[in-house]
Amino acid sequence: EVQLVESGGGLVQPGGSLRLSCAASGNTFSSYSMNWVRQAPGKGLEWISYISKSSSPKYYADSVKGRFTISRDNAKNSLYLQMNSLRAEDTAVYYCAGGANWFDPWGQGTLVTVSS
Amino acid sequence: DIQMTQSPSSLSASVGDRVTVTCRASQGISNALAWYQQKPGKAPKLLLYGASRLESGVPSRFSGSGSGTDYILTISSLQPEDFATYYCQQYYTTPPYSFGQGTKLEI
């Protein structure tokens, strides 16, 4: 089974940008549709974006539509999330997760903090 | 969009107890439901999908049932390692997917 490792989180000011990465081990990344799911501190899980194996279609939650962009590079076994116009309410642990319907596997998460 | 409502939001139980968690969808989802377990500081772990199909490696004390809009996660005999937060998630039709708000199972 593929293993996933997120990176790129950190502290960013409101209105700023950040790019998250999710690196997959093994040779099966291209066979997975992928998702980003986030979890605000002390809160529940929120699905935010999906990308198919071939990069089309892509879907977004209303809360991030127009600000976040999901992409992937199957040759590099990598998934990305470009986050622009960040807000305080985007503060969360961001997980990448494989799957077209249910989510498995999951990465360990990367924390994004939006604060001045 | 489909809304998922879990109950209870928290639950106190003891080792050996039988526990149920309920998840209700705002419309019928034809068994397109998964259950996850999350422990503090860890990523969620898939337990069941298709409402009742046990993920490989998950103990058989976990089971799922339901149909239409109402689904149940049952843990038949609680073990110490089962104290965690549980989430349901619907995947009916295309995204957006949605999670329930979680049920925290405490000792």
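Keep in mind it's a predicted model, so treat the numbers as computed, not measured.

S.K.: Looking at this structure, I do not really get the nonpolar core. What am I missing?
M.R.: Note on soluble globular proteins: their nonpolar side chains tend to be buried together. Among the nonpolar cores identified, the biggest contains 26 residues, and A:Met34, A:Trp36, A:Leu79, A:Leu81, A:Met83 and A:Tyr94 are the most heavily contacted of them. Sorting the residues of this core by element identifies strand S3 (18-24), strand S4 (34-39), strand S5 (45-51), strand S7 (68-73), strand S8 (78-83), strand S9 (92-98) and strand S10 (110-114) of chain A as the ones contributing at least two each. For this core, the element with the most residues is S3(A), which contributes 4 residues. With near-sequence residues (within four places) excluded, A:Tyr94 lies in contact with A:Glu6, A:Leu20, A:Trp36, A:Val37, A:Arg38, A:Ile48, A:Phe68, A:Leu81, A:Met83, A:Gly109, A:Thr110 and A:Val112. By size, the runner-up hydrophobic cluster in this structure holds 24 residues, among which are B:Ile2, B:Val58, B:Leu73 and B:Ala84.

S.K.: Help me understand the sheet that holds S7(A), please; the structure alone is not making it clear to me.
M.R.: Strands in a sheet are paired, the pairing made by backbone hydrogen bonds, and the direction either parallel or antiparallel. Residues and elements named next belong to chain A. The strand order across the open sheet formed by 4 strands is S1-S3-S8-S7, and the pairing between neighbours is antiparallel. Strands with a single pairing partner mark the edges of an open sheet, and in this sheet they are strand S1 (4-7) and S7. For this sheet the average axis-to-axis angle between neighbouring strands, irrespective of direction, equals 15°. Judged from the 6 bridges that link them, S3 and S8 form a sheet pairing that is antiparallel. Each residue of the ladder has a partner; that of Cys22, found in S8, is Leu79.

S.K.: Would you mind showing me how to read the interface of chain A and chain B here?
M.R.: Accessible area lost on assembly of the parts is the figure often given for the size of an interface. In this complex, chain A contributes 19 residues to the contact, which on the side of chain B involves 19 residues. When chain A packs against chain B, close to 1,600 Å² is buried across both sides, 66% of that on carbon and sulfur atoms. Looking at the side of chain A facing chain B, the largest losses of area belong to A:Leu45, A:Trp47 and A:Trp102, adding up to 39% of the total buried there. The tally of links from chain A across to chain B stands at 0 salt bridges. Linking chain A to chain B there are 7 residue pairs in polar contact (both at pLDDT 80 or more). Contributing elements (two or more residues each) for the side of chain A that touches chain B: S4 and S5 of chain A. With 4 residues, S5(A) is the largest single contributor of residues to the side of chain A that touches chain B.

What counts and how
- Residues numbered from 1 in each chain as written.
- Chains lettered and ligands numbered in written order.
- Predicted model: local features only at pLDDT ≥ 70, side-chain atom pairs only at ≥ 80, totals over all residues.
- Heavy atoms only, no water.
- Core = buried A, V, L, I, M, F, W, Y, C linked by side-chain atoms within 4.5 Å.
- Buried < 20%, exposed > 50% of the residue type's maximum accessible area, 1.4 Å probe, protein only.
- Helix = DSSP H or I, 4+ residues; strand = E, 2+ residues; numbered from the N terminus.
- Contact = heavy atoms within 4.5 Å.
- Pairing = 2+ DSSP bridges.
- Axes fitted to C-alpha atoms, helices over the stretch in contact; angles between N-to-C directions.
- Buried area = accessible area lost by both parts, 1.4 Å probe.
- Salt bridge = Lys/Arg side-chain N within 4 Å of Asp/Glu carboxyl O.
- Polar contact = N/O pair within 3.5 Å; in protein donor to acceptor, adjacent residues only side chain to side chain.

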